[in-house]
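Spelled out from the first residue to the last, the chains are:
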Amino acid sequence: FAESGVPLAVWNRNPARAYALEGRARVTRSAAEACAEADLIVLVLSNYSAGLEVMDDVTGDVDLAGRTLLQLTSGSPTDARTLQAWAHMHGVTYLDGALVAYPQTLGSAQAIALVAGEEAEFERRRALLGTLGGVTVHVGEAIGAAVRHSVDHLTRLSKVSASLSHPSHPAIAC
């Protein structure tokens, strides 16, 4: 998002990581400060539990009603639905995303962004979401669908990779 030209405020539990974006984003001292003026809050943490913990802290200082939360953390469809319930309790529109990409390919043509949630909200955010990768797809309104599709995609890739490396298969030349 830093290259999209949209004003961006960032926070990280490790300040050095946030300061790596200095000059391209406004670095904040807290998650609440980063969320205070944001219309779209993007959550990228180690897991959904960490995200819930941070967002619970944010709601102690900031009223999030009327905003949109885009979650890009790894987890399960059940985790996604739990965060969706939390978002609705706080009057927040929820989009659940999954990135099928290596970190160095984010924002490039090789990255795929899968997003589940309200289609109207996805369409409203489409241009910005498109900066995540070469392909950005709305996979439906069912929260958990993005996570499920990304796991299915990675499972297929690992099966193809395993079959190509199996000694009983001849090499494939292109």
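Shown above is the structure to which this text applies.
Once that is clear, we can look at the overall build of the protein chain. The number of helices and strands found in the protein chain is six helices and seven strands. Going through the 174 residues of the protein chain one by one, you find that 37% of them count as buried. Long-range contacts, defined as pairs at least 24 residues apart, comprise 59% of the intrachain contacts of the protein chain with a sequence gap of at least 6. With an accessible surface of roughly 9,900 Å², the protein chain has 55% of that area assigned to carbon and sulfur atoms.

Within this structure, the stated rule accounts for seven salt bridges. A salt bridge links Arg-125 to Asp-39; its shortest N-O distance comes to 2.9 Å. Of this pair, Arg-125 sits in helix H5 (residues 119-129) while Asp-39 is found in the loop between helix H2 (31-36) and strand S3 (40-43), placing the two residues 86 residues apart along the sequence. Taking relative accessible area as the criterion, Arg-125 reaches 9% and is therefore assigned buried.

Here we take up the pairing of strand S7 (residues 135-140). Bridge count for strand S6 (residues 112-117) against S7 is five bridges, and the pairing is parallel. Counterpart to Val-115 in the pairing with S7 is His-138. The handedness of the S6 to S7 crossover, carried by H5, is right-handed.

Position of Ser-76 relative to the elements: it lies in the loop between strand S4 (68-71) and helix H4 (77-89). Remark: the alpha-carbon pair of Ser-76 and Gly-144, spanning 68 residues in sequence, is separated by 7.1 Å.

Burial in H5 covers these residues: Glu-121, Phe-122, Arg-125, Leu-128 and Leu-129. On an axial view of H5, the arc spanned by its buried residues comes to 95 degrees, and they lie on one face. Turned more than 90 degrees from where H5 packs its buried face, Ala-120, Arg-124 and Ala-127 sit exposed.

Taking 1.5 Å of rise per residue, the twelve residues of helix H3 (residues 48-59) would be expected to cover 16 Å, and the 16 Å separating its terminal C-alpha atoms lies within 8% of that figure. Along H3, the positions that sit buried rather than exposed are Tyr-48, Ala-50, Gly-51, Leu-52, Val-54, Met-55 and Val-58. Put simply, Asn-47 is the residue that caps the front of H3, since its side-chain oxygen is 3.1 Å from the backbone nitrogen of Ser-49.

So, about the side chain of Asp-96. Here Asp-96 shows up in strand S5 (residues 93-100). Arg-81 is the oppositely charged side chain nearest to the buried, salt-bridge-free Asp-96, at an N-O distance of 8.6 Å. In terms of polar contacts, Asp-96 uses its side chain to reach the side chain of Gln-71, at 2.9 Å. Of the polar contacts made by the side chain of Asp-96, one reaches the side chain of Tyr-94; its length is 2.4 Å.

Alignment of S3 against S4, held across four bridges, turns out to be parallel. Among the inter-strand pairings, Val-42 is bridged to a residue of S4, identified as Leu-70. Handedness of the S3-H3-S4 crossover: right-handed.

Cut-offs used in this document
Residues numbered from 1 in each chain as written. Predicted model: local features only at pLDDT ≥ 70, side-chain atom pairs only at ≥ 80, totals over all residues. Heavy atoms only, no water. Helix = DSSP H or I, 4+ residues; strand = E, 2+ residues; numbered from the N terminus. Buried < 20%, exposed > 50% of the residue type's maximum accessible area, 1.4 Å probe, protein only. Contact = heavy atoms within 4.5 Å. Areas by Shrake-Rupley, 256 points an atom, 1.4 Å probe, with all protein chains shown as cover. Salt bridge = Lys/Arg side-chain N within 4 Å of Asp/Glu carboxyl O. Pairing = 2+ DSSP bridges. Right-handed = clockwise from strand over helix to strand, strands pointing away. Arc of directions from axis to C-beta. Expected span 1.5 Å × (residues − 1). Polar contact = N/O pair within 3.5 Å; in protein donor to acceptor, adjacent residues only side chain to side chain. Lys, Arg positive; Asp, Glu negative; His and termini not counted.

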